[in-house]
Amino acid sequence: MLNLSGRWKAALLPVAALLVLSACGSRTGENEVTTGAVADTSGDTVKVGLLNSLSGTMAISEVTVRDAVRLAVEEINAAGGVLGKKIEPISEDGASDWPTFAEKAEKLIREDKVAAVFGCWTSASRKAVKPVFEENKALLFYPVQYEGLEQSPYIFYTGATTNQQIVPGLDYLKSQGKTSVYLVGSDYVFPRTANKIIKAYAAANGITVLGEDYAPLGSTEFGTIVNKVKASKASAVFNTLNGDSNVAFFKEYKSAGLTAAAMPVVSVSIAEEEVKSIGTQYLDGQLTAWNYYQTTPGAANEKFVKAYKAKYGQDKPTSDPMEAAYVSVYLWKAMVEKAGSFEVEKVKAAADGVTFEAPEGLVTVDGATQHIHKTARIGKVGSDGLITEVWNSGQPIKPDPYLKGYPWATGLA
Amino acid sequence: MIARFSWRAGAGFAAGAVLLFAVAPVALSDFRLSLLAKYLCLAMVAVGIGLAWGRGGLLTLGQGVFFGLGGYAMAMHMKLADAGPGQMPDFMQLYGQLDALPWWWRPFASPWFALPATVLLPMLVAFLLGSLVFRRRVRGAYFAILSQALAAAMAILLIGAQGTTGGTNGLTDFEGFFGYDLDDPVNQRMVYFVVAGALLLLLAIARQLIRSRYGELLVAVRDSEERVRFLGYDPANVKLVAYVTAAGMAGLAGALFVPAVGIINPALIGIVPSIEFVIGVAVGGRATLLGPVLGAVAVAWAKTTLSEEFPAAWTYLQGLLFVLVVAFLPGGLASVAGLVRRRRRRPPPDPAPVSPAPAVPEEVPA
Amino acid sequence: MTVIVSQLFTGVSIGAVLLLIALGLALTFGQMGVINMAHGEFIMAGAYTVYVLQDVVTGAGWSLLVALPLAFLVAGLMGVLLEVLLIRRLYARPLDTLLVTWGVSLILQQLARDIFGAPNVQTRAPEVLTGNVRITDDLVLSNNRLFILALAGLAVVALTVALRFTSLGRRIRAVVQNRDLAAVSGIPTGRVDRVTFFIGSGLAGVAGVALTLLGPIGPTMGTNVIIDAFLVVVAGGIGHLKGSVIVAFALGTLQSLVEYSTTVSVAKVAVFVAIVAFLQWRPQGLFTLRTRSLA
C-alpha cells in the first residue's frame, strides 16, 4: 500500500522553507554593506590575533613566526603597551590548511574582536584569508617574502616583494659575471611567478635561462632534475624550492659532484632554520637572498637576537620571516600611536612614512602599496651553520609589487 | 522498489528539518552557523560513504576527487559569473598569461551546464573508474589503495596547472552566488538553508536506496560477493551504482561547500582529506542512516574546537579515534545503544544442573 | 646517449629505493593481507634512529654501520608491538586494519613532532657516500645511490635465501599459501605472524636509514613514500617477492624516463595511469599464488 502524502510532506517541508527564505538577501552590487569589524578596545587590554600553522607541514616554519610575535608583544607590554593598553595575544592554529586559516581569521575578527592579526606564511593561506579581511575591513600583517602582484587595502606586507629579494639576487649574479642560469622550483604560485620575472630580467640583461624545472611540493626525488642541471653546464642555479624538497635537492646536488664554487645556487627559501635541518655538509658556500640574517650587524639586531635566544633557547637561530614578524608588531604600534586610535581606517591613514629601527636596519612604511622599504642582502652559508652577508643593496629598496618601475617587466603584471 | 512509508521516518525528517531550519539559525551566531554549513557539507559526503562502504563494503578513500570535481565546477562558474560575460577570472589575468579563456572553462559560464555538471561530472568519472575496476574484480584493499592514488594524482594535476586552476591557492575570493552578494549575512544564511535542505534530500535518497531491494542486494554483495554472483546477479553493477551514487553526493557537497566556505583548493582533494571523510562515518556508525551524518558533524566540530585549544591534541585524538573506534567499536557510536541493549537482554545464568534427565532434553540457553 | 644511460641509472636507483620500502610491505601484506599504513612511520623511526645515534656516536662512518642493524631492531620491535596490540584482533577485517594503522601513523607522526620537534633534523652522511664514481665526464654515478642499490640487492637476496632455505622461511611460506592447513599441520601461526611482521617492519627501518642519505628526515617523511610502496606491492602481486622486485624497477625506470622529457608531476600521474592500466590486464598483480580459493 503506497501512501505517498506523508513522505512527500517531509520532503517538501525543507524545499518550501527554502523557497520562502531564498527570497531575501541583497543581490550583487545592490547595496554595499559598509559595516566593518569593530575591535574590542574597552578595558585596559587590546586583543591581537596570531594566525599561524602550529601543526601540519608548515608548522616547521610558522611556529618560529608566532614565537617572534610573542616576543615583540612581551617587550611592548613591558614598556607600557600601546596607547596605554596592554596587548593580549590570541593564538589560533591554521593547521597548514587554507580553509582553516580563513575560518580562524573570521573567528578572530568576529568573535574575539581583535584590533589586528599577525600571521600567514604561504601565499595560499594569504589568498584564502584576503577576502575575509577585506569583507570585514580588518587588518592583517603578513611577514613573509612572496611573489608580489598584490596590494590588498587591508593587508600590510612586511616581507620582501620580488623587487626587494629576487631582482637584487639576479643583480648580484650578474655582477659576479654569471651569464647562464638554471631555474629549479616547487610547483606552486611563488616559484612560477618568480621564474616569469627572472626570465624577463634575463632577457633584458643578457643572461641565458638554460632550463626551468618544477617538482611537486614535498617531492624528494631529484635525480632527474639534477642530471639536467648538470648537463646544462649553467653557471648558476636559482632555487625556489620549498620545504622538504630543498633537503633532497642539495643532497643530490652534492652527490652529483656539483659545487658551490663552480655552480652556486641562490635560494630564497633557505634561512638559518633550514640550514640546520639540511646540514652544512651539503650547504657550505651556497648563497641565499634575504633582507636579514642573524649575523646582520647593528645594535638593534644584537638586542633582538639576545632577547630571542634568552626566551626560547640558545640553540635557536633567528631568520628573516621571524624578524619581519617582530618588526610588524612594532610598526603597528607606531601606526596606532600616530593615529591616536585603534580604528582600522585611522591606522591605515596614518601608516605612510612610519619608521622603525629594525634589526634589519631602518624600515619605512610605504602607504601607497602598504609594503615597507627593505635593504636586500645576499648571504653565504658558512661552516658554522650561520649565513653571512656578502653583498647588500646599500639603500633600502622602495617596494614595487607590480614591478611598475622596471622597463623590462612590462607585460608581466 | 519504493520503500514503504513509515511514520517514524516522516517524523524523523520533520524533526530534522525543524532542528536545522528553525532551531539552529536562532541558537547560533552567524559565524557558528556558517561553520555548521561547512559541517553539513562534510556530512553530505559521509552519507555517500555510508552507502558505499557501510552498506556496500567499498572502502573508498578517494572521495576527495569527487568532492573536488563538484567544488571546482561550481567555483569555475562563480568565478566566471563574477568576472562578467566574456571576461577572464581575476587570477587568470594575474598568473595565466593567457589571451583567452581555455576551451574547457567556457561551458561553465552557463549555470545550466555548471549546476548539473557539479553532480554529473563526478558521477561520470566514478562510472568510468568503477567500470574499469569492478569488472576486473579489483576489490577490497586494492580498490582502497587505487582510490587513494587517484586522489593524489588529481591533487598533483590541479597544483601543476596553476594558470588555469589557481594551483595551490585554489579558487577563492567569490563575490556573488547566482546573483546574490555573498558578503551579505542574509545571503549567507540562505546558503546555509540550501545546504541543510540538500542534506535532508540526500538522506531521503539514501534511505530509499537502503530500504529497497537494491539495498538488500548491496548488503549481500558486501557480505558474500561470490554467493551473489552464483545467484545470477552481477556484483559489479551493484557496486557501480553505489559508487556512482556516493560520487554524486560528494560532488553536490563540494559544490555547496564553495559558497558556504568561500574556497576550494587541492588540499581538500588529496589523500588526507579523503581519509578524514571516512573517519566521521566510522565514528558515527557506518552501516546506519544517521550515523555517518552525526559522526561527520561531531568529528568536524571536535576538530574546530580542539584545534582552538590544543592543536597537537587534535592529531592524537584523530589517531585514537581511528584506532579505538575501528578496532574495538566497528559499528561506531550508533552500535553502542545496541550493545547496551544486548547486554541487558542476556538470559540469567543456568540454574543448578539437575540429575540425569528423562527423555525430555533440557532447554539450551541462548 | 649518456643522458639515457644516466637516466637509466637514476631510474634503477629510484627502483631500488622503492624496493627497499616496498619489500617489508610485500612481506606483511602478502603474509597476512594486512595493510599497514604505519609502514611509513616505521621508515621514519629508522631514520630518526640514525639521528639519535649520531648524537651518541661521533664519526659519521661508523654511525651508519651501527645504525643499520639498530634501525632494523627498533622498527621491528615497533612492528611486533603493533601486531600484538592491534592487528591480531583484526585479521578478519583487512579494510579496517587500513584505517586503524592510519590512525597509528597519525599518532606516531605527532609523537615524533613532540619528541624531536616539527622541523626536519640533520644527519651527517659519511664523506665517502657523498662522493661519486666518475665513468666519463658526463656520466657520474653517485655513491649514495650505489650504496642503496647494493643494500636493496642484499635485502632481496637475504630474504629470498631465508624464505627458501630456512625452516622459518618454510613456515612463513606455508602460512602464506594456506593458513588453515598450516595451522592444522602444527605450525604456530600466531608466532609466525609476529616474526613476519618483525622482519617486514625491520626492513622498513633499514629503508629509513637509506633515505637519510637522499632526503629529509622529519615527521612527515613516511607519508611521502607510502602510496608508491603500496602501488608496487599491489601491482607486483602478493605471495612472491619477484613481482615486487620487477615492478619496483619498472616503475622507477618509467618515472625517470617520463620525468626527463616532461615534468615530475606528469611522471607521477603517468605512473598511476600505468598501474591502473596494468591492473586491468592482470588484476591480481604480476605474480600470484595459484591457489584453489575463488578470490
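Residues numbered from 1 in each chain as written. Chains lettered and ligands numbered in written order. Predicted model: local features only at pLDDT ≥ 70, side-chain atom pairs only at ≥ 80, totals over all residues.

### Digging into the overall build of chain C
Next up, step 1: Along its length, chain C carries 11 helices and 2 strands.
Next up, step 2: Taken from N to C terminus, the helices and strands of chain C fall in the order α-α-α-α-β-β-α-α-α-α-α-α-α.
Next up, step 3: Its C-alpha radius of gyration of 19 Å places chain C within 12% of the 19 Å reference for a compact globule of 295 residues.
Next up, step 4: Based on the C-alpha atoms only, the size of chain C along its principal axes is roughly 60 × 45 × 35 Å.
Next up, step 5: In chain C, buried positions account for 55% of the 295 residues.
Next up, step 6: Sequence separation of at least 24 residues holds for 77% of the intrachain contacts in chain C that already meet a minimum separation of 6. (Helix = DSSP H or I, 4+ residues; strand = E, 2+ residues; numbered from the N terminus. Rg over C-alpha atoms; globule rule 2.2 N^0.38 Å. Buried ≥ 20, exposed ≤ 12 C-beta atoms within 10 Å, placed from the backbone. Contact = placed C-beta atoms within 7 Å.)

### Considering the overall build of chain B
Next up, step 1: Within chain B, the secondary structure is distributed over 15 helices and 4 strands.
Next up, step 2: In terms of overall dimensions, chain B has a C-alpha envelope of 95 × 50 × 45 Å along the principal axes.
Next up, step 3: Once local pairs closer than 6 in sequence are excluded, the contacts in chain B between residues at least 24 apart make up 79%.

### Concerning the pairing of strand β10 (residues 287–290) of chain A
All names here are of chain A.
Next up, step 1: Neither face of β10 is exposed, since Leu287 and Ala289 on one face and Thr288 and Trp290 on the opposite face are all buried.
Next up, step 2: Alignment of strand β9 (residues 265–267) against β10, held across 2 bridges, turns out to be parallel. Within the sheet, the bridge partner assigned to valine 266 lies in β10 and is leucine 287.
Next up, step 3: Two strands pair when backbone bridges link them, and β10 and strand β14 (residues 377–381) are joined in this way by 4 bridges, in the antiparallel orientation. (Pairing = 2+ DSSP bridges.)

### Some remarks on the confidence of the model for chain C
Next up, step 1: For chain C, the mean per-residue pLDDT works out to 86, and 96% of the residues sit at or above 70.
Next up, step 2: Model confidence for the complex is summarised by a pTM of 0.85, with the ipTM given as 0.86. (pLDDT = per-residue confidence, 0-100.)

### Looking at the interface of chain A and chain C
Next up, step 1: With 30 residues of chain A at the contact, the number on the chain C side is 32 residues.
Next up, step 2: In terms of residues, the side of chain A that touches chain C owes the most to one element, helix α8 (residues 244–255) of chain A, which gives 6 residues.
Next up, step 3: In the side of chain A that touches chain C, the residues fall into 11 nonpolar, 12 polar and 7 charged. (Nonpolar A, V, L, I, M, F, W, Y, C, P; charged D, E, K, R; others polar.)

### Let's talk about the sheet that holds strand β6 (residues 180–186) of chain A
All names here are of chain A.
Next up, step 1: As summarised here, the arrangement of the 7 strands in space is β7-β6-β8-β9-β10-β14-β15, forming an open sheet in which the pairing is mixed. Two strands close off the open sheet at either side, each with one partner strand: β7 (208–215) and β15 (387–392). With strand direction ignored, the average angle separating the axes of adjacent strands in the sheet is 25°.
Next up, step 2: Contacting β6, β7 and β8 (236–240), helix α6 (residues 189–205) crosses the sheet at an angle of about 165° to β6. (Axes fitted to C-alpha atoms, helices over the stretch in contact; angles between N-to-C directions.)

### What to know about the packing of helix α6 (residues 140–160) of chain B against helix α4 (residues 94–116) of chain C
Next up, step 1: As a packed pair, α6(B) and α4(C) sit with axes 8 Å apart at the nearest point and diverge in direction by 40°. When the interaxial angle is binned, α6(B) and α4(C) end up oblique. The two elements α6(B) and α4(C) cross, and the hand of that crossing is right-handed. The segment α6(B) lies against α4(C), with B:Gly140, B:Ala141 and B:Ala144 engaging C:Pro94, C:Leu95 and C:Leu98.
Next up, step 2: Its residues placed into classes, the contact of α6(B) with α4(C) shows 5 nonpolar, 1 polar and no charged. (Parallel < 35°, antiparallel > 145°, perpendicular 65-115°, else oblique. Left-handed = near helix turned anticlockwise from the far one by under 90°.)

### A few points about the nonpolar core
Next up, step 1: Among the nonpolar cores identified, the biggest contains 336 residues, and A:Val117, B:Ala43, B:Met44, B:Val195, C:Leu20 and C:Ala22 are the most heavily contacted of them.
Next up, step 2: With 17 residues, the top contributor of residues to this core is helix α11 (residues 235–261) of chain B.
Next up, step 3: Every residue in contact with B:Val195, bar those within four places of it in the chain, is listed here: B:Ala37, B:Leu40, B:Cys41, B:Leu256 and B:Ala260. (Core = buried A, V, L, I, M, F, W, Y, C linked by C-beta atoms within 7 Å.)

### What to know about unusual backbone geometry
All names here are of chain A.
Next up, step 1: Phi is positive for alanine 95, which is not a glycine, with a value near 60°.
Next up, step 2: Inspection of the secondary structure puts alanine 95 in the loop between β2 (86–93) and α3 (98–110).
Next up, step 3: On the neighbour-count criterion, alanine 95 (24 C-beta atoms within 10 Å) is buried.
Next up, step 4: Residues other than glycine seldom take positive phi values, yet leucine 403 does so here, at roughly 55°.
Next up, step 5: Its place among the elements puts leucine 403 in the segment after β15.
Next up, step 6: A tally of 21 C-beta atoms within 10 Å means that leucine 403 is categorised as buried.

### As for the pairing of β14(A)
Walk down a regular strand and you will see the side chains alternate between the two sheet faces.
Residue and element names in this part refer to chain A.
Next up, step 1: Taking burial as the measure, the 5 residues of β14 include 4 buried ones, the bulk of the element.
Next up, step 2: As paired strands, β14 and β15 are joined by 5 bridges and run antiparallel to one another. By the bridge assignment for β15, lysine 380 is matched with threonine 388.
Next up, step 3: The loop that links β14 with its antiparallel partner β15 comprises 5 residues; one of these, glycine 385, has a positive phi angle of about 90°.

### Here we look at helix α2 (residues 39–56) of chain C
Next up, step 1: Compared with the 26 Å implied by 1.5 Å per residue over 18 residues, the 26 Å span of α2(C) between its first and last C-alpha is a close match.
Next up, step 2: Here α2(C) lies mainly inside the structure; 13 of its 18 residues are buried. (Expected span 1.5 Å × (residues − 1).)

### Let's talk about the environment of A:Asn52
Residues and elements named next belong to chain A.
Next up, step 1: Looking at the element boundaries, asparagine 52 is found in strand β1 (residues 45–52).
Next up, step 2: For asparagine 52 and tyrosine 154, which are 102 residues apart along the polypeptide, the C-alpha to C-alpha distance reads 18 Å.
Next up, step 3: With near-sequence residues (within four places) excluded, asparagine 52 lies in contact with Glu62, Val63, Val65, Arg66, Gly94 and Gly119.

### Quick notes on the packing of helix α12 (residues 271–284) of chain B against helix α13 (residues 290–309) of chain B
All names here are of chain B.
Next up, step 1: Following both chains from N to C, one finds α12 and α13 inclined at 120°, their axes separated by 7 Å at the closest point. Comparing their axes, α13 and α12 come out oblique. You can see that α12 and α13 cross each other, and the crossing is right-handed. From α12, Ile279, Gly280, Val281, Val283 and Gly284 reach across to α13, where they touch Gly291, Pro292, Val293, Leu294, Gly295, Ala296, Ala298, Val299 and Ala300.
Next up, step 2: Class assignment for the residues of the contact of α12 with α13 results in 10 nonpolar, 4 polar and no charged.

### Examining the environment of B:Leu28
Residue and element names in this part refer to chain B.
Next up, step 1: Assignment of secondary structure puts leucine 28 in the loop between α1 (7–27) and α2 (30–55).
Next up, step 2: A count of 14 C-beta atoms within 10 Å places leucine 28 in the partly exposed class.
Next up, step 3: Put simply, leucine 28 and leucine 209 are 181 residues apart on the chain and 33 Å apart in space, counted from C-alpha to C-alpha.
Next up, step 4: Residues within four places of leucine 28 in sequence aside, it is in contact with Leu33 and Leu36.

### Some thoughts on helix α5 (residues 162–175) of chain A
Residue and element names in this part refer to chain A.
Next up, step 1: Taking 1.5 Å of rise per residue, 14 residues should cover 20 Å, and α5 covers 18 Å from first to last C-alpha, within 8% of that figure.
Next up, step 2: Most of α5 is tucked away: 11 of the 14 residues are buried.
Next up, step 3: If you check which residues of α5 are buried, you get Thr162, Asn163, Gln164, Gln165, Ile166, Val167, Pro168, Gly169, Leu170, Tyr172 and Leu173.
Next up, step 4: A positive phi of about 85° marks glycine 177, the residue just after α5.

### Some points on the environment of B:Val299
Residue and element names in this part refer to chain B.
Next up, step 1: As for its placement among the helices and strands, valine 299 is situated in helix α13.
Next up, step 2: Through-space distance from the C-alpha of valine 299 to that of proline 89 is 35 Å; in sequence the pair is 210 residues apart.
Next up, step 3: Residues in contact with valine 299, not counting those within four places in the same chain, are Ile279, Gly280 and Val283.

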